[in-house]
Amino acid sequence: FLNAGKLYEMKNRKDLALGFYQRCIKLAPKNAQAHGALGHILFLAKQYKDAKHELDLAIRLSPETYSNYYYLGKLLKEAQDLGAAVKAFDKAQRDSEFKQKALIERATCYMVANRYDNAQIDLQRAIELDKDDSKSDTLYARYFLASCYEKSRRIDKAIEQWEFIYKRNHSFRDVSAKL
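Please read all numbers here as calculations on a predicted model, not as lab measurements.

Participant: Requested: an account of helix H10 (residues 155-168), with residues and values cited.
Facilitator: Compared with an ideal rise of 1.5 Å per residue, which puts 14 residues at 20 Å, H10 spans 20 Å between its outermost C-alpha atoms and is within 8% of the ideal. Within H10 the residues assigned to the buried category are Ala 158, Gln 161, Trp 162 and Ile 165. Looking straight down H10, one finds its buried side chains confined to an arc of 95°; they lie on one side. Among the exposed residues of H10, those pointing more than 90 degrees away from its buried face are Asp 156 and Lys 167. Looking at the buried positions of H10, the neighbouring elements they touch are helix H8 (116-129), helix H9 (136-151) and helix H11 (175-178).

Participant: Break down the packing of aromatic side chains for me, with residues and values.
Facilitator: As enumerated under the stated definition, the model contains 12 aromatic pairs in all. When the centroid spacing of 6.1 Å and the interplanar angle of 70° are considered together, the rings of Tyr 143 and Phe 144 count as edge-to-face. Exposure class is identical for Tyr 143 and Phe 144. Each is buried. Each member of the aromatic cluster is reached from another via a ring pair, and the members are Tyr 70, Tyr 71, Phe 89 and Phe 98.

Participant: Pulling in residues and values, what's your account of the pattern of salt bridges?
Facilitator: Per the stated rule, a full pass over the model turns up 10 salt bridges. A salt bridge links Asp 137 to Lys 101; the shortest N-O distance between them is 3.2 Å. With Asp 137 in helix H9 and Lys 101 in helix H7 (residues 99-112), this residue pair connects regions lying 36 residues apart in the sequence. The class of Lys 101 is partly exposed, set by a relative accessible area of 32%.

Participant: I'd like a rundown of the layout of surface pockets, residues and numbers included.
Facilitator: Of the volumes computed, that of the largest pocket is approximately 410 Å³. Lining of the largest pocket is provided by 17 residues; of these, Gln 33, Gly 36, Ala 37, Ser 67 and Tyr 71 occupy positions nearest its centre. Those elements that provide at least two residues to the lining of the largest pocket are helix H1 (2-10), helix H2 (14-27), helix H3 (32-44) and helix H5 (67-78). The biggest single contributor to the lining of the largest pocket is H3, with 5 residues. Class assignment of the residues belonging to the lining of the largest pocket gives a composition of 5 nonpolar, 7 polar and 5 charged. By volume, the second largest pocket amounts to about 170 Å³. As for the second largest pocket, its lining consists of Tyr 70, Tyr 71, Lys 74, Lys 77, Phe 98, Lys 101, Ile 104, Glu 105, Thr 108, Asp 137, Tyr 140 and Phe 144. Elements supplying a minimum of two residues to the lining of the second largest pocket: H5, H7 and H9.

Participant: Give a detailed account of the state of the cysteines, specifying residues and quantitative values.
Facilitator: This structure, assessed with the given rule, holds 0 disulfides. With no disulfide of its own, Cys 148 lies closest to Cys 109 among cysteine sulfurs, the gap being 12 Å.

Participant: Before we move on, could you go through the side chain of Asn 68 and cite the residues and values that matter?
Facilitator: The topology assignment puts Asn 68 in helix H5. Not counting residues up to four positions away in its chain, the partners in contact with Asn 68 are Gly 36, Leu 55, Ala 58 and Ile 59.

Participant: Can you explain the packing of H1 against H2? Please cite residues and give values.
Facilitator: Contact geometry for H1 and H2: axes closest at 8 Å, N-to-C directions at 165°. Classified by the interaxial angle, the pair formed by H1 and H2 is roughly antiparallel. Every pair of crossing elements has a handedness; the one defined by H1 and H2 is left-handed. Residue-level inspection shows Leu 2, Ala 4, Gly 5, Lys 6, Tyr 8 and Glu 9 of H1 in contact with H2, the latter providing Lys 14, Leu 16, Ala 17, Phe 20, Tyr 21 and Cys 24.

Participant: Outline the packing of H7 against H8, supporting the account with residue identities and numerical values.
Facilitator: Relative orientation of the contacting elements H7 and H8 amounts to 165°, with a least axis distance of 8 Å. Classified by the interaxial angle, the pair formed by H7 and H8 is roughly antiparallel. Relative to H8, the crossing made by H7 is left-handed. Here H7 contributes Lys 99, Gln 100, Leu 103, Ile 104, Arg 106, Ala 107, Tyr 110 and Met 111 to the contact with H8, which in turn contributes Tyr 116, Asn 118, Ala 119, Asp 122, Leu 123, Arg 125, Ala 126 and Leu 129. Taken together, the residues of the contact of H7 with H8 sort by class into 10 nonpolar, 2 polar and 4 charged.

Calculation notes
Residues numbered from 1 in each chain as written. Predicted model: local features only at pLDDT ≥ 70, side-chain atom pairs only at ≥ 80, totals over all residues. Heavy atoms only, no water. Helix = DSSP H or I, 4+ residues; strand = E, 2+ residues; numbered from the N terminus. Expected span 1.5 Å × (residues − 1). Buried < 20%, exposed > 50% of the residue type's maximum accessible area, 1.4 Å probe, protein only. Arc of directions from axis to C-beta. Contact = heavy atoms within 4.5 Å. Phe/Tyr/Trp six-rings, centres within 6.5 Å; stacked < 30°, edge-to-face > 60°. Salt bridge = Lys/Arg side-chain N within 4 Å of Asp/Glu carboxyl O. 1 Å grid on protein atoms, 1.4 Å probe; cavity = no way out; pocket = protein on both sides within 12 Å on 5 of 7 lines; lining within 4 Å. Points joined across faces, edges and corners; volume = space filled by probe spheres on them. Nonpolar A, V, L, I, M, F, W, Y, C, P; charged D, E, K, R; others polar. Disulfide = S-S within 2.5 Å. Axes fitted to C-alpha atoms, helices over the stretch in contact; angles between N-to-C directions. Parallel < 35°, antiparallel > 145°, perpendicular 65-115°, else oblique. Left-handed = near helix turned anticlockwise from the far one by under 90°.

Structure, rendered in structure tokens:
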């Protein structure tokens, strides 16, 4: 049931994946992967209370599955619990697949809290992780970094980032209007 759920999730049939994950949990209530996957789908469906329950359970069953911390962090950020979200994103960075995303999300938490210096550090680290500047997340990191520079009145640095983004993607958010 777990594998069937994963297949349906990859085919973007989250409704069917949800059912298979639930069946897997009925048969194996301590399957951390199924709880984590179910929590992720529930988060995407904006069923935050149920998603948090499933992610917390997945983390209790398998604390070394760091991707669950990423989705828990997103959920906590959505609930405006920024301190707890930052802690979850700290742990999510241990998963190489989620490291850049976790840094960007943690930086946006700092931005919401008006801690632009901390956000800049995380965003610069996120940019450095992409050696060949090929990931779309890197453009978001640069965009948010430019926003931090703009808020800090370092317009020349913000323009550098916007120009870099514009070279890669002319229609990225409102970069052309900012330039």
